[in-house]
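# Summary of structural features
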Protein chains: 2
Amino acid sequence: MIYQNATKQELEKELLDLKDRFEEYKILNMKLDMSRGKPSGEQLDLSEGLLTTVTQNEQCVTENGLDARNYGGFDGIPEIKRLFSEVLGVPADMLMIGGVSSLNLMYDTFARNMIFGAGEGMQPWGKGPIRFLCPSPGYDRHFGVSECFGAELITVPMTDEGPDMDVVESLVKTDPSIKGIWCVPKYSNPTGVTYSEETVRRLVSMPTAAPDFRIFWDNAYGIHDLYDEGDTLAEIFSLAKQYGNEDRVYEFASFAKVTYCGGSVSALAASPRNLAHAKKYLAKQFICHDKINQLRHARFFGDLEGLKAHMKKHAALLRPKFEAVIGAFERKLAVCGVGSWSRPRGGYFISLDLPEGTAKRTHALCTELGVVLTPAGATYPYGKDPHDSNLRIAPSYPTPEDLRSATEVLCLCAKIAACEKEISLRTSD
Amino acid sequence: MIYQNATKQELEKELLDLKDRFEEYKILNMKLDMSRGKPSGEQLDLSEGLLTTVTQNEQCVTENGLDARNYGGFDGIPEIKRLFSEVLGVPADMLMIGGVSSLNLMYDTFARNMIFGAGEGMQPWGKGPIRFLCPSPGYDRHFGVSECFGAELITVPMTDEGPDMDVVESLVKTDPSIKGIWCVPKYSNPTGVTYSEETVRRLVSMPTAAPDFRIFWDNAYGIHDLYDEGDTLAEIFSLAKQYGNEDRVYEFASFAKVTYCGGSVSALAASPRNLAHAKKYLAKQFICHDKINQLRHARFFGDLEGLKAHMKKHAALLRPKFEAVIGAFERKLAVCGVGSWSRPRGGYFISLDLPEGTAKRTHALCTELGVVLTPAGATYPYGKDPHDSNLRIAPSYPTPEDLRSATEVLCLCAKIAACEKEISLRTSD
């Protein structure tokens, strides 16, 4: 039964059935979490070898003869720079290696621009009011960084090729207070969209009223394919160079979802000018990052091929989970005409768009049954989804069995909310 | 021969002799480094066991059941907080665990105060001109952090009990733009001084014109004794609490010179109010630090006793080096009446005060012979020692043999510079 075409009577009967099942689930006292993009224990187990790559004193020397245990190696050891260089397709000398968290690199970059400006002689962002573009649905933690620095967040709609570039171009052309845009260009969080080459080209070539406009290019899922044939993302720096706009881009990456979220290595890629500007302050901030962990990662993977082989193991664990959720949506939601969803070829999320005005209700119903979802609205600036329709589904963490239960609950709750909405529409007619 | 009492003729003969020996050394083409407080390879070897404390999947669980490999544990795992709590003598819930670098925690804390203010409702430091107190000789990287944020650096003389508190009190009493002071309270860098209880008490009780005055208490050498009986430092928070000034203090520590400079764990201790304020922004900055490395450290040491036993091994390697340098100074410099020096009971440095106006010359002569020292002046704000007399000696890194050679060179160069000075004084008479 397609809810939109059903009569009020049909819907009321359906709702009664759904609520019966809701009560049955209630008794189960479930406790399931699909809220964050966390790898499962099985995925984490894949990197056990990382823990034994460096276990002896004499193994602590880098390929350029540096003792990784001591000070030095401020911007990273050569072997880890080479690995990130292969992953990102940028020269190793454009890289600055960070600690565990790429989010921290983004926060730091934002903070530097706030206090010191985005380049030599440029006014600090903090000196005036600033605005930041947030393609939505998008990543709540990105929006949170710009919000905490007092930027006004501007929602830009997402399309199947990335942010709606007509909107982006018209905004940045005239408003010098718009200082940048957040992007997860491959397997975007949460839509799974990979930006088209045309989108990347327009981002790096468009005129901007702000001379210090910056793209925060969070390439978080660059090697996180679910299928043998992954999406292809254009390398942004080489395109930017064609337009003389290399300084417009900061690229971020990490091995958080390659090895351990709680113990990996991150990287910032930037133009020579931007990197020199950043290093001027970074050199005041710390002496070096964890070079032993850099060594561990470099040795565990060897090269890009080793890394890719490792990612295939992740894919083998993740793919069935994504397919199980999408399959359930097809079987349980599509038949009722409830919602639409992404079918990502990589990354960590499925984006579920429910009938307008039912996401919060669905979330609340799930919570009542013990299924934790990312809060409705979280994928929009200020946590406010103008249509109250988007939910971000993170299928990676639960076991396959828990995931099946959680998805059943989610579908049931989405249907209850949709059914209630349709009934109320008919009542108000 | 005491140079100050010698005749011009005696000094000229002495200088000729010294320069002959200088030429002999020149031929050796030495390359020795006493510039930074780096542990030696032997010291780093002491922590080999750290590398094998976590080598299997099932060892990655914290005592409160958290998978250290995954997200979570934002402010640190319980076992590492407990260890830092024992080290610093503050409750575990006053701690925020950081990454490798405590300098990074200091920079971040300064940056937060610049952008967001030191507390709820307080004006960001960046909104007005600010000044910062720098007890000198002191740590160049501290001064560098405040300088890079645009603070005016004010030199405060060091005494045998810490910063000259009469000077500090009179400065902070009237000037609301003075926002804080840098302190290395135990085995101070480079003087080796441990602040007296009276000094600590005056720091936390003195009236300050700035309501947001902050003490950056870098307890870098809290457990770094050279002798069985170490100096005792008063616990600052309990004293501060007596005067209602708990919010005045940020304390920093790390295991950089306990295990690995390039792979340890750091901590920030702060009052409940300050910690809540910091966490509000830290929660935007990262999801968690390296919890596996936290586990490694907690398990390697077990508790404070384990940590102390480990530090005794460091002391056994460091003590002879400190004594060799100080012994050489006694034998070679004291007999000529050249300079005075600290005799620290812990930490990483010996502070050498040469006759006024001869530190740079001594440094240049050492450089000519291949002995690298911390640049003369580095221990003062803006790298400018008003008396051109202080050199910071870091005896930890070289082998005992290299250290002997380097110290001989240093003594020779200091004597040449002193001799030249005395001759020029007699010439200008």
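Calculation rules
- Residues numbered from 1 in each chain as written.
- Chains lettered and ligands numbered in written order.
- Predicted model: local features only at pLDDT ≥ 70, side-chain atom pairs only at ≥ 80, totals over all residues.
- Heavy atoms only, no water.
- Helix = DSSP H or I, 4+ residues; strand = E, 2+ residues; numbered from the N terminus.
- Rg over C-alpha atoms; globule rule 2.2 N^0.38 Å.
- Buried < 20%, exposed > 50% of the residue type's maximum accessible area, 1.4 Å probe, protein only.
- Areas by Shrake-Rupley, 256 points an atom, 1.4 Å probe, with all protein chains shown as cover.
- Lys, Arg positive; Asp, Glu negative; His and termini not counted.
- Charge placed at Lys NZ, Arg CZ, Asp CG, Glu CD.
- Least-squares fit on C-alpha atoms with pLDDT ≥ 70 in both.
- Contact = heavy atoms within 4.5 Å.
- Buried area = accessible area lost by both parts, 1.4 Å probe.
- Salt bridge = Lys/Arg side-chain N within 4 Å of Asp/Glu carboxyl O.
- Polar contact = N/O pair within 3.5 Å; in protein donor to acceptor, adjacent residues only side chain to side chain.
- Nonpolar A, V, L, I, M, F, W, Y, C, P; charged D, E, K, R; others polar.
- Disulfide = S-S within 2.5 Å.
- Pairing = 2+ DSSP bridges.
- Core = buried A, V, L, I, M, F, W, Y, C linked by side-chain atoms within 4.5 Å.
- Phe/Tyr/Trp six-rings, centres within 6.5 Å; stacked < 30°, edge-to-face > 60°.
- Expected span 1.5 Å × (residues − 1).

### Considering the overall build of chain A
Helices and strands together make up the secondary structure of chain A, namely 13 helices and 13 strands. In terms of overall size, chain A behaves like a compact globule, its C-alpha atoms giving a radius of gyration of 23 Å where 429 residues would be expected to give roughly 22 Å. C-alpha atoms of chain A, sized along the principal axes, occupy 75 × 55 × 35 Å. Expressed as a percentage of the 429 residues in chain A, the buried residues total 61%. Here chain A has roughly 15,900 Å² of accessible surface; of this, 50% comes from carbon and sulfur atoms. Considering chain A, the positive charge centre built from 48 side chains and the negative charge centre built from 57 side chains are found 3 Å apart.

### A closer look at the relation of the copies chain A and chain B
Expressed as a screw operation, the relation of chain A to chain B combines 0.0 Å of axial shift with a rotation of 180°, fitting to an RMSD of 0.0 Å. Expressed as an axis order, the relation between the two copies is that of a two-fold axis. Most of the interface of chain A is mirrored in chain B: 100% of its interface residues are interface residues there too.

### A few points about the interface of chain A and chain B
Contacts between the two partners involve 57 residues from chain A, matched on the other side by 57 residues from chain B. Contact between chain A and chain B buries roughly 4,600 Å² in total, counting both sides, with carbon and sulfur atoms accounting for 56%. Area buried by chain A at its contact with chain B is led by L51, R69 and Y71 of chain A, which between them contribute 14% of it. The interface formed by chain A and chain B holds two salt bridges in total. Counting across the chain A and chain B interface gives 16 residue pairs in polar contact (both at pLDDT 80 or more). Mapped by element, the contributors of at least two residues to the side of chain A that touches chain B are α2 (41-45), α4 (102-116), α5 (140-148), α9 (272-285) and α10 (291-301) of chain A. Among the elements that take part in the side of chain A that touches chain B, α4 of chain A stands out by supplying nine residues, more than any other. Of the residues that constitute the side of chain A that touches chain B, the class distribution is 28 nonpolar, 15 polar and 14 charged.

### Digging into the state of the cysteines
All names here are of chain B. Counted according to the given criterion, the structure contains zero disulfides over all chains. Free cysteine C366: the closest other cysteine sulfur is in C413, separated by 3.9 Å. For C366, a relative accessible area of 0% puts it in the buried group. The class of C413 is buried, set by a relative accessible area of 0%.

### Structural notes on the sheet that holds strand β13 (residues 390-393) of chain B
All names here are of chain B. Spatially, three strands are ordered β10-β11-β13 in an open sheet, and the strand pairing comes out antiparallel. The two strands at the open ends of the sheet, each matched to only one other strand, are β10 (340-341) and β13. Both strand β11 (residues 350-353) and β13 contribute to a ladder of four bridges, which runs antiparallel. Directly across from D353, in β13, lies its bridge partner N390.

### Observations concerning the environment of G99 of chain B
Residue and element names in this part refer to chain B. Note that G99 resides in the loop between β2 (95-97) and α4 (102-116). When the C-alpha atoms of G99 and S266 are compared, they prove to be 5.7 Å apart, with 167 residues separating the residues in sequence. The residues touching G99, leaving out its near neighbours within four places in the chain, are S264, V265, S266 and H289.

### Description of the nonpolar core
Considering soluble globular proteins, one finds that nonpolar side chains tend to be buried as a cluster. In this structure, F110 and F149 of chain A together with F110 and F149 of chain B are the most contacted members of the largest nonpolar core, which totals 74 residues. Apart from the residues within four sequence positions on either side, F149 of chain A is in contact with Y107, F110, A111 and M114 of chain A together with I115 and F116 of chain B.

### Remarks on the environment of L95 of chain A
Residue and element names in this part refer to chain A. Among the structural elements, L95 can be located in strand β2 (residues 95-97). A relative accessible area of 0% means that L95 is categorised as buried. When the C-alpha atoms of L95 and E79 are compared, they prove to be 12 Å apart, with 16 residues separating the residues in sequence. Ignoring sequence-local partners within four residues, the contact set of L95 consists of D75, K81, F84, S85, L88, V90, L268, A269 and L275.

### With respect to the sheet that holds strand β10 (residues 340-341) of chain A
Residues and elements named next belong to chain A. Reading across from one edge, β10-β11-β13 is the order of the three strands in this open sheet, with antiparallel pairing throughout. The sheet is open, and its two edges are formed by β10 and β13 (390-393), each paired on a single side. Two strands pair when backbone bridges link them, and β10 and strand β11 (residues 350-353) are joined in this way by two bridges, in the antiparallel orientation. Bridging across to β11, W341 finds its partner in L352.

### Let's talk about the packing of aromatic side chains
Residues and elements named next belong to chain A. This structure, assessed with the given rule, holds 42 aromatic pairs over all chains. Between F116 and Y281, the aromatic rings sit 3.8 Å apart at their centres with planes inclined by 10°, giving stacked as the arrangement. Taken as a pair, F116 in helix α4 and Y281 in helix α9 lie far apart in primary sequence, 165 residues in all. Each member of the pair, F116 as well as Y281, is classed as buried. Between F132 and W182, the aromatic rings sit 5.6 Å apart at their centres with planes inclined by 50°, giving tilted as the arrangement. Placement of the pair is F132 in strand β3 (residues 131-136) and W182 in strand β6 (residues 178-183), with a sequence separation of 50 residues.

### As for the pattern of salt bridges
One side chain can pair with another of opposite charge once the charged atoms of both are near each other. Under the counting rule described, the total for this entry stands at 46 salt bridges over all chains. A salt bridge links D166 of chain A to R202 of chain A, with the shortest nitrogen-to-oxygen separation between them at 2.6 Å. Taken together, the positions of D166 of chain A in helix α6 (residues 165-174) and R202 of chain A in helix α7 (residues 197-205) put the pair 36 residues apart, joining distant regions of the chain. Given a relative accessible area of 23%, R202 of chain A falls into the partly exposed group. Notably, a salt bridge pairs D225 of chain B with K186 of chain B, separated by 3.7 Å at the nearest N-O pair. Linking D225 of chain B in the loop between β7 (214-218) and α8 (236-242) with K186 of chain B in the loop between β6 (178-183) and α7 (197-205), this pair joins segments that are 39 residues apart in sequence. With relative accessibility at 23%, the residue D225 of chain B sits in the partly exposed group.

### Observations regarding α4 of chain A
All names here are of chain A. Here α4 is 15 residues long and its end C-alpha atoms lie 21 Å apart, about the 21 Å a rise of 1.5 Å per residue gives. Counted residue by residue, α4 has 15 buried out of 15 residues, so it is predominantly covered. N-cap assignment for α4: the residue whose side-chain oxygen lies 3.3 Å from the backbone N of L103 is S101. After α4 finishes, the residue G117 shows a positive phi value of roughly 90°.

### Let's talk about the side chain of N57 of chain A
Structurally, N57 of chain A can be placed in the loop between α2 and α3 (78-88). Given a relative accessible area of 12%, N57 of chain A falls into the buried group. What N57 of chain A contacts, discounting residues up to four positions off in sequence, is R69 of chain A together with L44, D45, E48 and L51 of chain B.

### A closer look at unusual backbone geometry
The residue after S136 of chain A, namely P137 of chain A, is reached through a cis peptide bond having omega 5°. Locating P137 of chain A in the fold gives a position in the loop between β3 and α5. The residue after N189 of chain B, namely P190 of chain B, is reached through a cis peptide bond having omega 5°. Mapped onto the secondary structure, P190 of chain B falls in the loop between β6 and α7. Look at D388 of chain B: it is not a glycine, yet its phi comes out positive at around 45°.

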